[in-house]
Amino acid sequence: MKTEVLSALHPVAIEMAAEIIKNGGLVAIPTETVYGLGANGLDEGAVAQIFEVKGRPQDNPLILHISGPEEIERYCHHIPQAAYDLAEAFWPGPLTMVLPAKSNVPLRTTGGLSTVALRCPDHPAALAVIRASGVPIAAPSANLSGKPSTTTADHVLFDHDGKLPLILDGGPCRVGVESTIVDLTGQRPRLLRPGGIGPEELIEVLGVLDVDKAVTDEISNDTVVHAPGMKYRHYAPQEPVVIVSGSREAAAAYIHRHFEPGDRVLCFAEELPLYADCNPLSYGSEEDVNTLSAGLFAALRELDNPEIHQVYARCPVGGGLAYAVQNRLKKAAAFHIVDAEEEL
Ligand code: TXA
Ligand code: MG
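Counting restarts for each chain: residues are numbered from 1 in the order of the written sequence. Chain letters and ligand numbers both follow the written order, the letters beginning at A and the numbers at 1. Local features are withheld for residues below a pLDDT of 70 in this predicted model, meaning they are given only at 70 or higher, and side-chain atom pairs are given and counted only at 80 or more; totals for whole chains, interfaces and linings count all residues. Values reported for side chains reflect all heavy atoms of the structure, with hydrogen atoms and water molecules removed beforehand.

A. Up close: the overall build of the protein chain. Working definition: helices are DSSP H or I runs of at least four residues, strands are E runs of at least two. Numbering for both runs from the N terminus. Broken down by element type, the protein chain carries twelve helices and 16 strands. Seen along its three principal axes, the alpha-carbon backbone of the protein chain occupies a region of about 60 × 50 × 35 Å. The buried share of the protein chain, taken over its 344 residues, is 58%. Here, two residues are considered to be in contact whenever any of their heavy atoms come within 4.5 Å of each other. Within the protein chain, residue pairs in contact and separated by at least 24 positions form 67% of the contacts whose partners lie at least 6 positions apart. Each accessible area value is a Shrake-Rupley result obtained with a 1.4 Å probe; residue values ignore everything except the protein chains displayed when judging cover. Entry remark: accessible area of the protein chain is about 14100 Å², with carbon and sulfur atoms responsible for 52%. Counted charges follow a simple rule, with Lys and Arg positive, Asp and Glu negative, and His plus the chain ends left uncounted. All charge positions are set by atom: Lys at NZ, Arg at CZ, Asp at CG, Glu at CD. Computing the positive centroid from 26 side-chain charges and the negative centroid from 45, the protein chain places the two 5 Å apart. For every residue, the accessible area obtained with a 1.4 Å probe (protein chains only) is divided by the maximum for its type, and the residue is called buried under 20%, exposed over 50%, and partly exposed between those limits.

Spelled out as structure tokens, the structure:
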């Protein structure tokens, strides 16, 4: 199959995408977070293709992308007030809610669960395709399973050339890390994955928020987790990554002591001069966490090279979006963190 890449700015491309989705096919779609591999979320056969192309385990459910809060009731029941409050505050935007699923949502989409994840993306092309196709679009991040997420049309083409008919090119994704996921099916709202909406912002609306173990701890494959996707190895380049925490100076001293030819350093733009002899790669500015979240996955993809032996990574501190960047880097590093201050 030939994979076409068309600018999402062309109305014709949106029409083509909607036709493909209506006919049970796959289209890669830009969102404000990452590119998604989309199909009709109500069509089991279409959804099955997502799992096949992505190489995704069958028990890992998909997010249904809808065009606004008025669609929540079509796919969910027993909807708490908190869902409407969150939608009002953050939709369209990088927030996904888990709610009890109605029976019209196929088990293929929910990975066999009785709940479904819903999100209204803040991207004109994604919204246009959802509206033009007239169905909710099930879409995981468009990377091959286990690889860093896709934040450009080129990333999607690299992973899936020849395996789907159309990639809509909307340019690089603005947020760059996936949506925040909140489970609203329990006694108290629970954060299943940090993302574009920070925990502090959620607490402002919800009052309380539990944080799932999968967010903070390393999860082994047999642990029961609330977001099935959190247990799989994620975002990871092929070679080991270690996060080096501590001050700029302490980290540079630690890395210089351990650096060997064939290693790489993933750092902030401000730190590039410190690592001039260590083949450094910057993923953004420490001063502006938006640049770090937007640049992280492209950088992890560049480091996904078997010739690299070891990656030393610098990680931002703080809450908000930095919390999501920390989470993705920790997962890429399999929670391997050294404190350079202690190693002095
Ligand atoms: O920003 C995003 O959320 C992107 C864009 C394309 O919208 N999508 C995305 O999808 O990141 P994916 O499939 O890569 O990650 C979805 C996560 C997985 O960890 C999955 O296990 C979890 O959401 N999930 C989906 N449905 C769920 C449910 N009913 N209950 C708990 N977790 C769920
Ligand atoms: Mg993903």
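B. Broad picture of the packing of aromatic side chains. Here a pair means two rings of Phe, Tyr or Trp (six-membered ring of Trp) with centres within 6.5 Å. Their orientation is stacked below 30 degrees between planes, edge-to-face above 60, and tilted elsewhere. If you walk through the whole model with that rule in mind, you get one aromatic pair. Taken together, a centroid distance of 6.1 Å and an interplanar angle of 40° make the contact between Phe-268 and Tyr-283 tilted. Of this pair, Phe-268 sits in the loop between β13 (264-267) and β14 (280-282) while Tyr-283 is found in the loop between β14 and α11 (289-302), placing the two residues 15 residues apart along the sequence.

C. Region of the structure containing the environment of Gln-238. Inspection of the secondary structure assignment puts Gln-238 in the loop between α9 (213-216) and β12 (241-245). Using a relative accessible area of 47% as the deciding quantity, one classes Gln-238 as partly exposed. For the pair Gln-238 and Asn-305, spaced 67 residues apart in the sequence, the C-alpha separation amounts to 6.5 Å. If we skip the residues at most four places from it in the chain, Gln-238 touches Lys-147, Asp-304 and Pro-306.

D. Main features of the sheet that holds strand β6 (residues 115-119). Across the sheet, which stays open at both edges, the eleven strands sit in the order β1-β8-β2-β3-β7-β4-β6-β5-β9-β10-β11 with mixed pairing between neighbours. Of all strands in the sheet, those bounded by a partner on one side alone are β1 (4-7) and β11 (210-211). Two strands qualify as a pair provided that DSSP identifies no fewer than 2 bridges between them. Note that strand β2 (residues 27-29) and strand β3 (residues 36-40) share three bridges and pair antiparallel. When the sheet's bridge partners are listed, Ile-29 is paired in β3 with Gly-36.

E. Highlighting the packing of helix α1 (residues 11-22) against helix α6 (residues 124-133). Under this scheme, a helix contributes an axis fitted over its contacting stretch, all axes are lines through C-alpha atoms, and angles between N-to-C directions fall in the 0 to 180 degree range. At a minimum axis distance of 8 Å, the contact between α1 and α6 shows a crossing angle of 50°. On the basis of their axis angle, the class for α1 and α6 is oblique. Note that α1 runs across α6; the crossing there is right-handed. Contacts from Ile-14, Glu-15, Ala-17, Ala-18, Ile-21 and Lys-22 of α1 reach α6 at Ala-125, Ala-128, Val-129, Ala-132 and Ser-133. Each residue gets one of three labels, nonpolar for Ala, Val, Leu, Ile, Met, Phe, Trp, Tyr, Cys and Pro, charged for Asp, Glu, Lys and Arg, and polar for the others, Gly among them. Taken together, the residues of the contact of α1 with α6 sort by class into eight nonpolar, one polar and two charged. An angle below 35 degrees is treated as roughly parallel, one above 145 as roughly antiparallel, one from 65 to 115 as roughly perpendicular, and anything else as oblique. For any pair of crossing helices, the crossing counts as left-handed if the nearer helix is rotated counterclockwise from the farther one by less than a right angle, and right-handed if it is rotated clockwise.

F. Focus on α6. Within the sequence span of α6, burial applies to Ala-125, Ala-126, Leu-127, Val-129, Ile-130 and Ser-133. Where α6 is buried, its residues meet α1, β2, β4 (63-65), β7 (137-138) and β8 (166-169). Gly-134 sits one or two residues past α6 and shows a positive phi near 75°.

G. Representation of the sheet that holds β14. Reading across the sheet, the five strands line up as β14-β13-β15-β12-β16 and stay open at both edges, with parallel pairing between neighbours. Each having just a single partner strand, β14 and β16 (337-339) make up the two edges of the open sheet. Direction aside, the axes of adjacent strands within the sheet are offset by 25° on average. Direction of pairing for β13 relative to β14: parallel, over a ladder of three bridges. Bridge assignment links Leu-266 to a residue of β14, and that residue is Leu-281. The strands touched by helix α12 (residues 321-332) within the sheet are β12, β13, β15 (311-313) and β16, with β12 carrying the most contacts at an inclination of about 135°.

H. How the structure looks around unusual backbone geometry. Cis geometry is adopted by the peptide bond preceding Pro-92, which originates at Trp-91 and carries an omega value of -10°. Along the chain, the position of Pro-92 falls in the loop between α4 (81-90) and β5 (95-100). Despite not being glycine, Asn-279 shows a phi value in the positive range, around 50°. Relative to the elements of secondary structure, Asn-279 occurs in the loop between β13 and β14.

I. Spatial organisation of the side chain of Glu-178. Tracing the chain through its elements places Glu-178 in the loop between β8 and β9 (180-183). On the accessibility criterion, Glu-178 (3% relative accessible area) is buried. Side chain to side chain, Glu-178 and Ser-149 meet in a polar contact 2.5 Å long. There is a polar contact of 2.7 Å between the side chain of Glu-178 and the side chain of Arg-328. Any pair of N or O atoms that falls within 3.5 Å is considered a polar contact. Within protein, one atom must be able to donate a hydrogen and the other to accept it, and sequence-neighbouring residues count only if both atoms are side-chain atoms.

Read these as layout, nothing more, since geometry by itself doesn't imply function.
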